[in-house]
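Structure assessment
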Amino acid sequence: MKFWLILVSHLMVCYFVLIISSCNYSENFRDIFHNRSTLLLIAHPDDESMFFGPLLIQLIAKSPETVYLMCLSSGNNYGQGEIRKKELVDAMKLLTLPPENVFLLDDKEIKDGFHEVWDHQHVSDLVSKRIDSLNITNVISFDEHGVSGHPNHIDVFKSIEELARRRSDLSFFSLFTVNKLRKYSIFMDIPFSALENMIYNHLLVSISFYDYLRLLRVLIQHRSQMLWFRWLYAFFSRYMFINTLIPWTTSLPG
């Protein structure tokens, strides 16, 4: 009985902290992203739901016409590229992101796989052209750890790092990677994230339980990827509730 009282009390505290943090981030979020075109860069179909879901929900809720998604590969490592393309389209429909705002590359030089090495210059050139065509202001992607440590995620970061050296006209943000204990702690991570937000000026983005259920439906659209461990991720990962963004002025190496 004591255990459940402690657990419920902790969850109530976490929820209170989440509300306070939400009030804090809302003003920063509005200032940075309001009426500014934003490009989210991912490596594979389903990255947007697994890792960037809370961010996408908040961005689309405020101004869907200024949000763009660019997926750099079709996720064809196991020959499921065509299936995963359709799954991404279906997922974005549920999030109400306009189809014309979703771009999925199928470039022979950018292949999905743990042992594939991407040409960072080539990727940055492709992204730069898309940015120019869309008049993008903000660019968001993975940090140097790629959340899951997937080499393709890290290659996205390195490619954007290359781009950032040439494009001082853009604002860059990376999704903060937390350790595994925090990654699978759901609400328990909220106090730590809120504290980091206050100390380091991170941008904390969170969603309600209702929006979490929406995000879960979006993730399930990637049916080909919903193996047993993905279900565990969906129920226990803090990335399904919270995203922490870091401006590259504080995270970009060098």
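Look a little higher up for the structure.
So, a few notes on the structure that sits alongside this text. (Residues numbered from 1 in each chain as written. Predicted model: local features only at pLDDT ≥ 70, side-chain atom pairs only at ≥ 80, totals over all residues. Heavy atoms only, no water.)

This structure, assessed with the given rule, holds 13 salt bridges. The closest approach of N and O atoms between Arg167 and Asp169, which form a salt bridge, is 2.9 Å. Note that Asp189 is salt-bridged to Arg182, the shortest N-O span being 2.4 Å. Summarising the burial analysis for this pair, Asp189 and Arg182 share the class buried. Via salt bridges that share partners, Asp46, Arg84 and Arg230 belong to a single interconnected network. (Salt bridge = Lys/Arg side-chain N within 4 Å of Asp/Glu carboxyl O. Buried < 20%, exposed > 50% of the residue type's maximum accessible area, 1.4 Å probe, protein only.)

Summarising the element assignment, Ser185 is placed in the loop between α7 (180-183) and α8 (190-200). For Ser185, a relative accessible area of 17% translates into the label buried. A polar contact is formed between the side chain of Ser185 and the backbone oxygen of Arg182, at a distance of 2.7 Å. (Helix = DSSP H or I, 4+ residues; strand = E, 2+ residues; numbered from the N terminus. Polar contact = N/O pair within 3.5 Å; in protein donor to acceptor, adjacent residues only side chain to side chain.)

The strand order across the open sheet built from seven strands is β3-β2-β1-β4-β5-β7-β6, with neighbouring strands paired in mixed fashion. Edge strands, defined here as strands with exactly one partner in the open sheet, are β3 (102-104) and β6 (203-206). Across the sheet, the mean angle from the axis of one strand to that of its neighbour is 25°, orientation sign disregarded. Two elements, strand β2 (residues 67-71) and β3, share three bridges in a ladder whose sense is parallel. By the bridge assignment for β3, Met70 is matched with Phe103. Contacting β2 and β3, helix α4 (residues 81-94) runs over the sheet at an angle of about 170° to β3. This element, helix α5 (residues 120-134), spans β1 (38-42), β2, β3 and β4 (138-142) of the sheet and lies at about 160° to β2. (Pairing = 2+ DSSP bridges. Axes fitted to C-alpha atoms, helices over the stretch in contact; angles between N-to-C directions. Contact = heavy atoms within 4.5 Å.)

A few words on the environment of Tyr68. Residue placement: Tyr68 occurs in strand β2. Overall, the relative accessible area of 13% leaves Tyr68 in the buried class. Along the backbone, Tyr68 and Ile136 are 68 residues apart, and their C-alpha atoms lie at a distance of 8.8 Å. In contact with Tyr68, not counting residues within four places along its chain, are Ser37, Thr38, Leu39, Leu40, Asn101, Phe103, Leu134 and Ile136.

Turning our eyes to something else, we now look at helix α9 (residues 209-220). Taking 1.5 Å of rise per residue, the twelve residues of α9 would be expected to cover 16 Å, and the 17 Å separating its terminal C-alpha atoms lies within 8% of that figure. Among the residues making up α9, those that are buried are Asp211, Tyr212, Leu215, Leu216, Val218 and Leu219. The buried residues of α9 occupy an angular sector of 160° when projected down its axis, which confines them to one face. Residues Tyr210 and Arg217 are exposed on α9 and point more than 90 degrees away from its buried face. Buried-residue contacts for α9 involve α2 (47-50), α3 (53-62), α4 and α10 (228-236). (Expected span 1.5 Å × (residues − 1). Arc of directions from axis to C-beta.)

This part is about the pairing of strand β5 (residues 171-175). The element β5 is largely enclosed, with a buried count of four among its five residues. As defined by bridge partners, β4 adjoins β5 across five bridges and the pair is classed as parallel. Bridging across to β5, Ile140 finds its partner in Phe173. The parallel pair β4 and β5, bridged by helix α6 (residues 151-164), forms a crossover whose chirality is right-handed. Two strands pair when backbone bridges link them, and β5 and strand β7 (residues 242-247) are joined in this way by three bridges, in the antiparallel orientation. (Right-handed = clockwise from strand over helix to strand, strands pointing away.)

Together, Tyr184, Leu227, Trp228, Phe229, Trp231, Leu232, Phe235 and Phe236 make up a nonpolar patch on the protein surface, roughly 840 Å² of accessible area in all. Relative to the helices and strands, Leu232 resides in helix α10. (Patch = residues over 30% accessible without salt bridge, like charges linked within 9 Å, V, L, I, M, F, W, Y side chains within 5 Å. Areas by Shrake-Rupley, 256 points an atom, 1.4 Å probe, with all protein chains shown as cover.)

Next up on the list: the side chain of Thr177. Residue position: Thr177 is located in the loop between β5 and α7. Polar contacts involving the side chain of Thr177 include one to the side chain of Asp143, which spans 2.7 Å. For Thr177, the side chain forms a polar contact with the main-chain nitrogen of Val147, separated by 2.9 Å.

Take α6 next. The end-to-end C-alpha distance of α6, which contains 14 residues, comes to 20 Å, matching closely the 20 Å that a straight helix rising 1.5 Å per residue would cover. Within α6, eleven of the 14 residues are buried, leaving the element largely enclosed by the surrounding structure. Where α6 is concerned, the buried positions are Asn152, His153, Ile154, Asp155, Val156, Phe157, Ser159, Ile160, Glu161, Leu163 and Ala164.

Purely geometric stuff here, so don't read any function into it on its own.
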